[in-house]
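Okay, here's what each chain looks like letter by letter:
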Amino acid sequence: MAEGLGLPVRPLRIAGAHWNLGHILIAQNEAEAAEETAVHAIEELRPHLDDGGDWVAMSGALWLVASVASVRQGDAWAARDRLREHALPAAESNGEGNVLWTVFGPTNVHLHAMSVEMEAGESAEGLSIADRIDVTSSPSLERQTTFYLVDPN
């Protein structure tokens, strides 16, 4: 148990390590391995999801990794389904947060939805999503700055 948290943190930290590894694999053009890593970690978190909070947020963050991995493999529909069916409900139930530096919340899900559309070649849809994102609610100054560098409006 972590002092002050009242939660067994080992599985959560392991999931966070998988989240990091998933991002590394995506950056190395290993989308299939990133997807497998994220999905495996999500399965490991399932017994804890009824506890809500950080468990659900970490699961949602892993769904974002799986979504990006899907679109990188050419399956935009799987990416969209993962966002809609898993990541967005997790974000809506938790709100904005930063469990293990994932910056997971509704804003991050919407940023990923925009990214999925852009990577899928649906730039008009990506830009439409971008117009509806209020990035100021993100707890990450880096995400806010990056968004405004791309979209100065």
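Predicted model, so just to flag it, every value in this text is computed and none were measured.

**So, the packing of helix H1 (residues 10-27) against helix H3 (residues 53-72)**
Then comes step 1: One can describe the packing of H1 onto H3 by two numbers: an axis separation of 10 Å at closest approach and a directional angle of 20°. One way to sum up the angle between H1 and H3 is to call them roughly parallel. Of the two elements, H1 crosses H3, and the hand of that crossing is left-handed. The residues of H3 that touch H1, namely those facing Pro11, Leu12, Ala15, Gly16, His18, Trp19, Gly22, His23 and Ile26, are Asp54, Trp55, Met58, Ala61, Leu62, Val65, Val68, Ala69 and Arg72.
Then comes step 2: Its residues placed into classes, the contact of H1 with H3 shows twelve nonpolar, four polar and two charged.

**Observations concerning the nonpolar core**
Then comes step 1: Met58, Leu62, Leu83, Phe104 and Val109 are the most contacted members of the largest nonpolar core, which has 41 residues in total.
Then comes step 2: When contributions to this core are tallied by element, the ones reaching two or more residues are H1, helix H2 (31-45), H3, helix H4 (76-94), helix H5 (106-119) and helix H6 (123-131).
Then comes step 3: Looking at this core, the element that brings in the most residues is H3, giving 13 residues.
Then comes step 4: If near-sequence neighbours (up to four positions away) are discounted, Phe104 is found in contact with Ala57, Gly60, Ala61, Leu64, Ala87, Ala90, Ala91, Gly95, Glu96, Gly97 and Val109.

**A look at the packing of H2 against H3**
Then comes step 1: Axis separation between H2 and H3 bottoms out at 8 Å; the angle between their running directions is 155°. Classified by the angle their axes make, H2 and H3 are roughly antiparallel. Every pair of crossing elements has a handedness; the one defined by H2 and H3 is left-handed. Contacts from Ala31, Ala34, Glu35, Ala38, Val39, Ala41, Ile42 and Leu45 in H2 reach Trp55, Met58, Ser59, Leu62, Trp63, Val65, Ala66, Ala69, Ser70 and Arg72 in H3.
Then comes step 2: Residue classes in the contact of H2 with H3 are distributed as 14 nonpolar, two polar and two charged.

**Thoughts on the environment of Thr102**
Then comes step 1: Within the secondary structure, Thr102 is located in the loop between H4 and H5.
Then comes step 2: Judged by relative accessible area, which is 1%, Thr102 ranks as buried.
Then comes step 3: Each C-alpha atom of the pair Thr102 and Gly16 lies 8.1 Å from the other, and the pair is 86 residues apart in sequence.
Then comes step 4: A polar side-chain atom of Thr102 sits 2.8 Å from the main-chain carbonyl oxygen of Val99.

Rules and cut-offs
Residues numbered from 1 in each chain as written. Predicted model: local features only at pLDDT ≥ 70, side-chain atom pairs only at ≥ 80, totals over all residues. Heavy atoms only, no water. Axes fitted to C-alpha atoms, helices over the stretch in contact; angles between N-to-C directions. Helix = DSSP H or I, 4+ residues; strand = E, 2+ residues; numbered from the N terminus. Parallel < 35°, antiparallel > 145°, perpendicular 65-115°, else oblique. Left-handed = near helix turned anticlockwise from the far one by under 90°. Contact = heavy atoms within 4.5 Å. Nonpolar A, V, L, I, M, F, W, Y, C, P; charged D, E, K, R; others polar. Core = buried A, V, L, I, M, F, W, Y, C linked by side-chain atoms within 4.5 Å. Buried < 20%, exposed > 50% of the residue type's maximum accessible area, 1.4 Å probe, protein only. Polar contact = N/O pair within 3.5 Å; in protein donor to acceptor, adjacent residues only side chain to side chain.

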